[in-house]
Amino acid sequence: METTNQQPEMEMTPEQLAEQKEKMLEFYRESMPYLRAQLDYEEMLLKIDEVRFKRTNIQYQFAMMANPPQEEETSEPTKSEGRKLKRG
């Protein structure tokens, strides 16, 4: 036999349904201050992350300007050099 926390479905009278709806509405109303606080918290975290990203990006750009990357020498000849043929 399987046990669950669900109650068997019962037909509710219109009065019981109205009472249940009112209880749900009251639950949501009571939860709003906590949800608003959570929203404020999440928005603040987002702003902090955005500012950190901008600051890190600026530091990276400054570092790139102060020390530009050196161009790597390639073993492939460039078009202006052309190919050199071996004599043999």
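See above for the structure.
Quick caveat: nothing in here was measured; it's all calculated off a predicted structure.

1. Re the overall build of the protein
Thinking step 1. Helix and strand counts for the protein come out as one helix and zero strands.
Thinking step 2. Scored against the burial criterion, the 88 residues of the protein give a buried share of 1%.
Thinking step 3. Of the accessible surface of the protein, which amounts to about 10100 Å², a share of 55% is contributed by carbon and sulfur atoms.

2. Re the pattern of salt bridges
Opposite charge on two side chains lets them pair, provided their charged atoms get close.
Thinking step 1. Enumeration over the complete set of coordinates arrives at two salt bridges.
Thinking step 2. When the shortest N-O distance is used, the salt bridge between lysine 23 and glutamate 19 registers 3.5 Å. With lysine 23 and glutamate 19 both in helix α1 (residues 14-66) and four residues apart, the pair spans about one turn of that helix.
Thinking step 3. Judged by relative accessible area, glutamate 19 falls into the partly exposed class, the value being 45%.
Thinking step 4. Ionic pairing is found between glutamate 22 and arginine 29, a salt bridge with its closest N-O pair at 3.9 Å.

3. Some details on a nonpolar patch on the surface
Thinking step 1. On the surface, a cluster of nonpolar side chains totalling about 380 Å² of accessible area is made up of Tyr41, Met44, Leu45 and Ile48.
Thinking step 2. With respect to the helices and strands, isoleucine 48 occurs in helix α1.

4. A closer look at α1
Thinking step 1. Between its terminal C-alpha atoms α1 stretches 75 Å, which fits the 78 Å expected from 53 residues at 1.5 Å a residue.
Thinking step 2. Its maximal kink placed at methionine 32, α1 deviates by approximately 40°, while the proline proline 33 follows within four residues.

What counts, and where the lines are drawn
Residues numbered from 1 in each chain as written. Predicted model: local features only at pLDDT ≥ 70, side-chain atom pairs only at ≥ 80, totals over all residues. Heavy atoms only, no water. Helix = DSSP H or I, 4+ residues; strand = E, 2+ residues; numbered from the N terminus. Buried < 20%, exposed > 50% of the residue type's maximum accessible area, 1.4 Å probe, protein only. Areas by Shrake-Rupley, 256 points an atom, 1.4 Å probe, with all protein chains shown as cover. Salt bridge = Lys/Arg side-chain N within 4 Å of Asp/Glu carboxyl O. Patch = residues over 30% accessible without salt bridge, like charges linked within 9 Å, V, L, I, M, F, W, Y side chains within 5 Å. Expected span 1.5 Å × (residues − 1). Bend = angle between axes of the 7 residues up to and from the residue.

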